[in-house]
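The chain contents come next:
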Amino acid sequence: MPLLHLRGVTRQFATIDGPALQILKGVDLDVAAHDRVSIVGRSGSGKSTLLNILGLIDQPTTGIVELDGEPVALMGGRMRDRLRGATVGFVFQQFNLIEGLTAAENVAVPLHYGAGRRYWQRHRLASEMLERVGLSHRIDTKATNLSGGEQQRVAIARALVRSPRLILADEPTGALDIETGGRIMDLLDEVAADAGAALVTITHDVAVAARASRMLRIVDGRLEQTSAVAA
Amino acid sequence: MTDVVAAIQDAWTELRIHRGRVLMSLIGVTVAIAALTASVAIGELARSTLLVSFESQSGRAATLTTSAWNEQAGGDPFAAGAPSGADSLAVLDAMEAAVDRYDIEFASATTQGQVMFQGASGTQGVQVTGAEPDFAIMRHLGVADGRFLVESDRARLAPAVVVNRGLLDALGQGPASARTVELGGSTAVIVGVIDRGMQDEWPQAWMLPRDLLRLPEANSPMAYMNPPSLEAWVPEELADDGKRMLNQDIAGALPGWQVNTERTDWQAWGDDYDPLLPLQLTLIGAASAILLLGALGLVTVAVVSIRQRVREFGIRRAFGASRGRIFVAVMLESVVGTVVAGAIGIAICIFAYRLPAVQEMLTQGLSGGELPGFPMGAAITGLLVAAAVGAIAGSIPATIAVRSKVIEAIRF
């Protein structure tokens, strides 16, 4: 059974003065545990909308989304929130660290919404994750005082701190130079593999996309398989 | 449990991060809570002071007063047929026997008379109250120096007398202890001094009823003496039975006398009587208006700042925070902030209450000059109001926070 199963997923948005905007037009996708999937596409092609649906943040207009065989549409909002926190880890293009918090406090944010035992151990778990991404010397540094590469490492540590089974990375190297971006992708691949998590990456960068075992292209709201790359 | 602790932790972290903004927005709340707490405290203090004042005038609840008069005098104690010294002693005997029979814990026969004393500037008149040792407790008579009358004073050859500051001043300078006063034709030993501020500027004295009745001047034809009465402080639930039994007992011991027992403490005046309510309502009204303005400032700053935190809420939602959790966290930020501000406001009030100048002002008219501790009811009210204002003011930005869309907030 795939971790994520999408069939005939559509998503449309109402507009004020015209016909509804059809962003996704029947997407079929299966993501298995340990999968490495990259999705490429032009701006406005629906990549972010698809990622929102994969991350249980948005719901499709029509079609089926199942997580571990359970239809997401039948779950209540609170249940979806809990499932998202426990199953999915996000890595954003703009890092999206919370200003004012230290690196460790940012990494610990997801633990505030998890099981009690992990909440009480949040300082230790956050420190261990930061050590894992090579930032043990920056634990108490404010997020705003970190470089771009360091901020993305903190974001990766945050995405992994609850041991998610699915990591969704949206342009993870988009705000970094080529060299730093390469190191970040090496790290992301490594920690995702160590954690046994599936990794779905959305990117413009073909080199980043080529790291995945499956590269998909989104064109006019539909997914197309472009190649099969050995990881 | 963990959710609650985590939500409070989130709120505290946010307050720490945005402390500058929070500090500015909470100044108004701090001032408002200080004003509210002070209003309630002043109200409570005035109420307890007034209660003591009422009780010092009319006795504690329930005080039964038994009066006796000779029917031959037609109810006028100073007309022909008014009780002689011997008659008054007989009345005292009857009253004391009744107190002993019913084992009344606090009771005092009382009588009053005007006698002369030898002051520094000549002979003057003084109002003397004949009272038993229990009278000081029953009427909140605090002694500033020395002591009140005690049981052993009955055995003195020279009667013991408690004087007020007015009488002491009239006697001239010198220590109150080991002093005597020529009172009503006899030498009395001063054992204590009472000073209730302005109330004690005119000379006044207290001595045991029998000692008062035995003064040579009290037995002269020109003496101005009230007949003895009995004050008994009894449990309120026994007031009705006690009234009937005391009346019956004393009347039986005094044939030919008219005896009447009534409840005379101020609480017998009526259940709804609250002379301080208008003042307290005015103070609380003014403080509430200040509080409303403080809360409006708090809401304005919170609403403006919440719009700058939409991305943060999006991030938190992406990592598993539910809408409810975001709502509670934002509201708790406000509650934690106002409770801290309220606590500071209350601390300012307590600090001000303990300032010597304030203590001096508030102790005017209090017997013994002792101010009670800061009314904890006022502090608790202040803290609860602070929490309520925080919850109400916080619910508006919290509603805005949960309505923000995660997708737009984190902008994939």
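No experiment lies behind these values; they were computed from the predicted model shown. (Residues numbered from 1 in each chain as written. Chains lettered and ligands numbered in written order. Predicted model: local features only at pLDDT ≥ 70, side-chain atom pairs only at ≥ 80, totals over all residues. Heavy atoms only, no water.)

1. Details of the overall build of chain B
Put simply, the rule reads: Secondary structure elements are defined from DSSP: runs of H or I of at least 4 residues count as helices, runs of E of at least 2 residues count as strands, and each element is numbered from the N terminus. Only heavy atoms matter for contacts: two residues are in contact if any of them lie within 4.5 Å across the pair. Where accessible areas are quoted, they stem from the Shrake-Rupley method and a 1.4 Å probe; at the residue level, only the protein chains shown are allowed to cover.
Looking only at helices and strands, one finds 13 helices and eleven strands in chain B. Pairs at least 24 residues apart make up 79% of the contacts formed inside chain B by residues separated by at least 6 positions. As displayed, chain B offers around 19,700 Å² of accessible surface, 61% of which is attributable to carbon and sulfur atoms.

2. A look at the packing of helix α8 (residues 277–307) of chain B against helix α12 (residues 376–403) of chain B
Residue and element names in this part refer to chain B. Applicable threshold: Every axis in this analysis is a line fitted to C-alpha atoms, fitted for helices over the stretch in contact. Angles between the N-to-C directions lie between 0 and 180 degrees. An angle below 35 degrees is read as roughly parallel, one above 145 as roughly antiparallel, one from 65 to 115 as roughly perpendicular, and any other as oblique. The hand of a helix crossing depends on one turn: near helix anticlockwise from the far one by less than a right angle means left-handed, and clockwise means right-handed. Amino acids outside the nonpolar list (Ala, Val, Leu, Ile, Met, Phe, Trp, Tyr, Cys, Pro) and the charged list (Asp, Glu, Lys, Arg) are all regarded as polar, and Gly is one of them.
Running from N to C, α8 and α12 point in directions that differ by 30°, and their axes come no closer than 9 Å. Considered as vectors, α8 and α12 are oriented roughly parallel to each other. The two elements α8 and α12 cross, and the hand of that crossing is right-handed. On α12, the residues touching L291, A295, L298, V299, A302, V303, I306 and R307 of α8 are V385, V389, A393, I396, P397, I400 and A401. Taken together, the residues that form the contact of α8 with α12 break down as 14 nonpolar, no polar and one charged.

3. A word on the confidence of the model for chain A
Test applied: As a per-residue quantity, pLDDT reports the predictor's confidence and falls between 0 and 100.
Per-chain confidence: chain A averages 87 in pLDDT, with 98% of residues scoring 70 or above. When pLDDT is averaged over each helix and strand of chain A, the minimum, 76, is found for strand β10 (residues 222–228) of chain A and the maximum, 94, for helix α3 (residues 103–108) of chain A.

4. Concerning the interface of chain B and chain A
Worth spelling out the cut-off: The term buried area means the drop in 1.4 Å probe accessible area that two parts suffer when joined, counted for both and summed. Salt bridge, as applied in this entry: a Lys or Arg side-chain nitrogen positioned within 4 Å of an Asp or Glu carboxyl oxygen.
The interface of chain B with chain A comprises 25 residues on the first partner and 32 residues on the second. Summed over both partners, the interface of chain B with chain A comes to about 2,600 Å²; 61% of that surface belongs to carbon and sulfur atoms. Connecting chain B to chain A are one salt bridge. Residue D81(A) is joined to R317(B) by a salt bridge in which the shortest nitrogen-to-oxygen separation is 3.1 Å. Sorting the residues of the side of chain B that touches chain A by element identifies α1 (2–17), α9 (310–318), α10 (323–353) and α13 (406–410) of chain B as the ones contributing at least two each. Top element by residues in the side of chain B that touches chain A is α1(B). It accounts for nine residues. Residues that form the side of chain B that touches chain A fall into these classes: eleven nonpolar, five polar and nine charged.

5. Side note on the pattern of salt bridges
Residues and elements named next belong to chain B. Here is the rule: Throughout, exposure labels follow a simple rule: accessible area from a 1.4 Å probe, protein chains only, divided by the maximum for the residue type, with under 20% read as buried, over 50% as exposed, and the rest as partly exposed.
In the structure shown here, the tally under the stated rule is 29 salt bridges over all chains. Taking the shortest distance from any N to any O, the salt bridge between R263 and E236 comes out at 3.1 Å. Within this pair, whereas R263 is found in strand β11 (residues 257–263), its partner E236 is found in the loop between β10 (229–233) and α7 (239–253), the two being separated by 27 residues in sequence. Given a relative accessible area of 43%, E236 falls into the partly exposed group. As a salt-bridge pair, E312 and R309 come within 3.2 Å of each other at their nearest N and O atoms. A relative accessible area of 6% places R309 in the buried class. Each member of the salt-bridge network shares a partner with another, and the members are R309, E312, R316 and E333.

6. Brief notes about the side chain of T49(A)
Locating T49(A) in the fold gives a position in helix α1 (residues 47–54). Not counting residues within four places of it along the chain, the set of residues in contact with T49(A) comprises R11(A), F13(A), I23(A) and L24(A).

7. Focus on the packing of aromatic side chains
How we decide: Classification of ring pairs uses Phe, Tyr and Trp, with its six-membered ring standing for Trp, and accepts pairs whose centres are within 6.5 Å; under 30 degrees between planes counts as stacked, over 60 as edge-to-face, and the remaining range as tilted.
Counting across every chain of the model gives seven aromatic pairs over all chains. Between F90(A) and F92(A), the ring centres sit 5.8 Å apart and the planes meet at 0°, which makes this aromatic pair stacked. Of the two residues examined, F90(A) and F92(A), each falls in the buried class. With centroids separated by 5.0 Å and ring planes inclined at 40°, the aromatic side chains of F106(B) and W233(B) adopt a geometry described as tilted.

8. Some thoughts on the pairing of strand β6 (residues 88–91) of chain A
All names here are of chain A. What counts here: Two strands pair under a simple rule: DSSP has to find at least two bridges between them.
Residues V88 and F90 of β6 are buried on one face, and the alternating residues G89 and V91, pointing to the opposite face, are buried as well. Bridging between β6 and strand β7 (residues 166–170) involves four bridges; their strand directions are parallel. Looking across to β7, one finds that V91 is bridged to A169.

9. Topic: α1(A)
Residue and element names in this part refer to chain A. Of all the eight residues making up α1, seven are buried; the element is thus mostly covered by neighbouring parts of the structure. Of all the residues in α1, the buried ones are K47, T49, L50, L51, N52, I53 and L54. Phi turns positive, to about 65°, at L56, one or two residues after α1.

10. Some remarks on the domain arrangement of chain B
Our working definition: Each domain span listed reflects an automatic or database assignment of domains.
Annotation of chain B at the domain level lists domain 1 (2–56 + 277–410) and domain 2 (60–264). Taking the mean C-alpha position of each, domain 1 of chain B and domain 2 of chain B sit 53 Å from one another.

11. Comments concerning the sheet that holds strand β2 (residues 21–31) of chain A
Residue and element names in this part refer to chain A. Spatial strand order, β2-β1-β4-β5: four strands in an open sheet with antiparallel pairing. Looking along the sheet, the strands with just one partner apiece sit at the ends: β2 and β5 (70–71). Summarising the sheet, strand β1 (residues 4–13) and β2 pair through eight bridges and their orientation is antiparallel. The partner of L6 across the bridge, within β2, is L29. Its contacts with the sheet place α1 against β1, β2 and β4 (62–67), and it is angled at close to 125° to β1.

12. Some remarks on the environment of V109(A)
Looking at the element boundaries, V109(A) is found in the loop between α3 and α4 (116–120). Assessed through its relative accessible area of 2%, V109(A) is described here as buried. Remark: the alpha-carbon pair of V109(A) and R153(A), spanning 44 residues in sequence, is separated by 15 Å. When sequence neighbours within four positions are dropped, the list of residues in contact with V109(A) reads I98(A), L101(A) and R316(B).

13. Considerations on empty space enclosed by the protein
Residue and element names in this part refer to chain B. So the rule is basically this: Two kinds of site are reported from a 1 Å grid over the protein atoms alone, namely cavities, where a 1.4 Å probe fits but cannot get out, and pockets, open sets with protein on both sides within 12 Å along at least five of seven lines, and residues are called lining when an atom falls within 4 Å of a point. Grid points are joined across faces, edges and corners, and a volume is the space filled by probe spheres set on the points.
Enumeration according to the criterion identifies five cavities of 30 Å³ or more in this entry. Quantified by volume, the largest cavity comes out at close to 180 Å³. R21, L298, A302, E333 and S334 are, among the 19 residues lining the largest cavity, the residues nearest its centre. Put simply, the parts of the chain that give the lining of the largest cavity at least two residues each are α2 (19–58), α8, α10 and α12. Tallied by class, residues from the lining of the largest cavity come to ten nonpolar, six polar and three charged.

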